[in-house]
Structures are given as structure tokens and as C-alpha cells.
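In case you want the letters, here they are:
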Amino acid sequence: TDQSGSFADGSGVAYTNDLNCEWIIAPQDAGAVELTFSKFETEEGYDFVTIFNCADGEACVNTTQVAGLSGFLVSGQKVQSSTGVMRVVFTSDYAITLGGFAASWIAKAEADPITDGACSGTVAFTEASGSLEDGSGAGPYANNLECIWTIEPPGAQT
């Protein structure tokens, strides 16, 4: 993988139903990967871009979810891995489709420390198990944050 680049859902106008697309971003000698969305419009709660850290390189079998994104994001929203390999998965359901997403990545020597208190907006977890953090690391969280986590494992019912 190049040190920087870009990709999109490939639709141009609106993505299609029942998608399951995957990208592995593995720049040589990267300590982290930073992904920046220039466009993000998916059916909230049903169509997701899920981002994972890959602990085992390009094989990307041993993963940890970094973010589960759905709905609308402001252009410029960033997500960063804590490893040098990132897996991005886009899934859509059987119904409504929207404009999709476009993103660019850049390789970093190491992950940026979280200095702003961390969490931002809504993050959806769609795996059967996992963990979440406020993102502040060892430091205190910042004032005036609004952090929302939704946990929506496959097959869950309300």
C-alpha cells in the first residue's frame, strides 16, 4: 500500500443494497494510519463503515474495532488506527441507499496521542463482542463532550 491515497464506496451517486466491501490499508513501515472522510452519507443505523486495527499485519485476522460509523459525518472527520494496518468494511442493508462515502489515508510514524478529551459524536459497535473507551487514555476526559455509543450486535432485538 502507498503511504497515502484515497478510496470511496465506488458508487459515484448512491451505493447499492446488500454490499459487503473491504479495504486493507497497509503502508510500509507505518506505525499508524489516519483516515479522513471528505464525504459520508449512509442510512443511519443500517449501513455502516466499520474500521479496525489489525494486530497481525496485512492478514488482518486479529482485529480490534476502532469505529463503527453510520449516518452523516462532517467533511474532515478523522479516524486513526493504533497499528500500521487498518481494515475498513462497508456494509449496506437491503433497502435505502444514500450518497456513500469518500476517504483518504495517510501513513504515520506513530499514532497521535489523544489530547482533546477524545470521543466525538456517535460510534456504533456492530460486533458480537468488544470493548469501548472514552478515548482519553491515561489522562482525564475533557469538558463539554457528548459521547454516544450504540451497541448493535448481529441478531440483537429491542
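Look above for the structure.
Quick caveat: nothing in here was measured; it's all calculated off a predicted structure.

What counts and what doesn't
- Each chain carries its own residue numbering, running from 1 in the written order of its sequence.
- For this predicted model, a pLDDT threshold of at least 70 governs which residues receive local features, and a threshold of 80 or more governs which side-chain atom pairs are given and counted, while totals over whole chains, interfaces and linings are taken from all residues.
- The side-chain values count all of the structure's non-hydrogen atoms but skip hydrogen atoms and water molecules.
- Patch rule: a residue counts if its relative accessible area is over 30% and it has no salt bridge; like charges are joined within 9 Å, and nonpolar side chains (Val, Leu, Ile, Met, Phe, Trp, Tyr) within 5 Å.
- Using the Shrake-Rupley algorithm and a 1.4 Å probe, accessible areas are obtained, with residue cover drawn only from the displayed protein chains.
- One speaks of a salt bridge when a side-chain nitrogen belonging to Lys or Arg is within 4 Å of a carboxyl oxygen belonging to Asp or Glu.
- Note on conventions: DSSP H or I runs of at least 4 residues are helices, E runs of at least 2 residues are strands, and numbering of each starts at the N terminus.
- The buried label applies to any residue whose accessible area, calculated with a 1.4 Å probe on protein chains only, is under 20% of its type's maximum; exposed applies above 50%, and partly exposed to all values in between.
- Only when DSSP finds a minimum of two bridges between them are two strands counted as paired.
- Helix axes are fitted to C-alpha atoms over the stretch in contact, other axes to C-alpha atoms as well, and angles between N-to-C directions run from 0 to 180 degrees.
- Disulfides are defined as pairs of cysteine sulfur atoms found within 2.5 Å of each other.
- Lining residues are those with an atom within 4 Å of a point, where the points come from a 1 Å grid over the protein atoms alone and group into cavities, where a 1.4 Å probe fits but cannot get out, or pockets, open sets with protein on both sides within 12 Å along at least five of seven lines.
- Grid points are joined across faces, edges and corners, and a volume is the space filled by probe spheres set on the points.
- Just so you know the grouping, Ala, Val, Leu, Ile, Met, Phe, Trp, Tyr, Cys and Pro go in nonpolar, Asp, Glu, Lys and Arg go in charged, and all remaining residues, Gly too, go in polar.

Draft legend 1. Spotlight on a nonpolar patch on the surface. On the surface, a cluster of nonpolar side chains totalling about 280 Å² of accessible area is made up of L132, W149 and I151. Relative to the helices and strands, I151 is located in strand β10 (residues 147-151). On the basis of relative accessible area, I151 is assigned to the exposed category, the value being 61%.

Draft legend 2. Spatial organisation of the sheet that holds strand β7 (residues 86-91). The 4 strands lie next to each other as β2-β7-β4-β5, forming an open sheet whose pairing is antiparallel. Strands at the two margins of the open sheet, each flanked by one partner only, are β2 (20-25) and β5 (63-69). Adjacent strand axes in the sheet meet at a mean angle of 20°, parallel and antiparallel pairs treated alike. Where strand β4 (residues 48-54) lies against β7, 6 bridges are found, and the strand directions are antiparallel.

Draft legend 3. The pairing of β4, seen in detail. For β4, the buried fraction is high: 7 of the 7 residues fall into the buried class. Here β4 shows no split at all, with F48, T50, F52 and C54 on one side and V49, I51 and N53 on the other all buried. Pairing between β4 and β5: 6 bridges, direction antiparallel. Bridge assignment links N53 to a residue of β5, and that residue is T64.

Draft legend 4. Up close: the state of the cysteines. Counted by the stated rule, this structure contains 1 disulfide. At a sulfur-sulfur separation of 1.8 Å, the disulfide partner of C54 is C60. Its S-S torsion of about -50° marks the bond between C54 and C60 as left-handed, since a negative value means left-handed. In this structure C54 comes out as buried when scored by relative accessible area, which is 3%. Judged by relative accessible area, C60 falls into the buried class, the value being 6%.

Draft legend 5. How the structure looks around the layout of surface pockets. Space inside the second largest pocket adds up to approximately 240 Å³. Around the second largest pocket sit F52, T63, T64, Q65, F125, E127, A128, S129, G130, S131, L132 and I151, which together line it. Counting residues per element, the lining of the second largest pocket draws most heavily on β5, which supplies 3 residues. Tallied by class, the residues present in the lining of the second largest pocket amount to 5 nonpolar, 6 polar and 1 charged.

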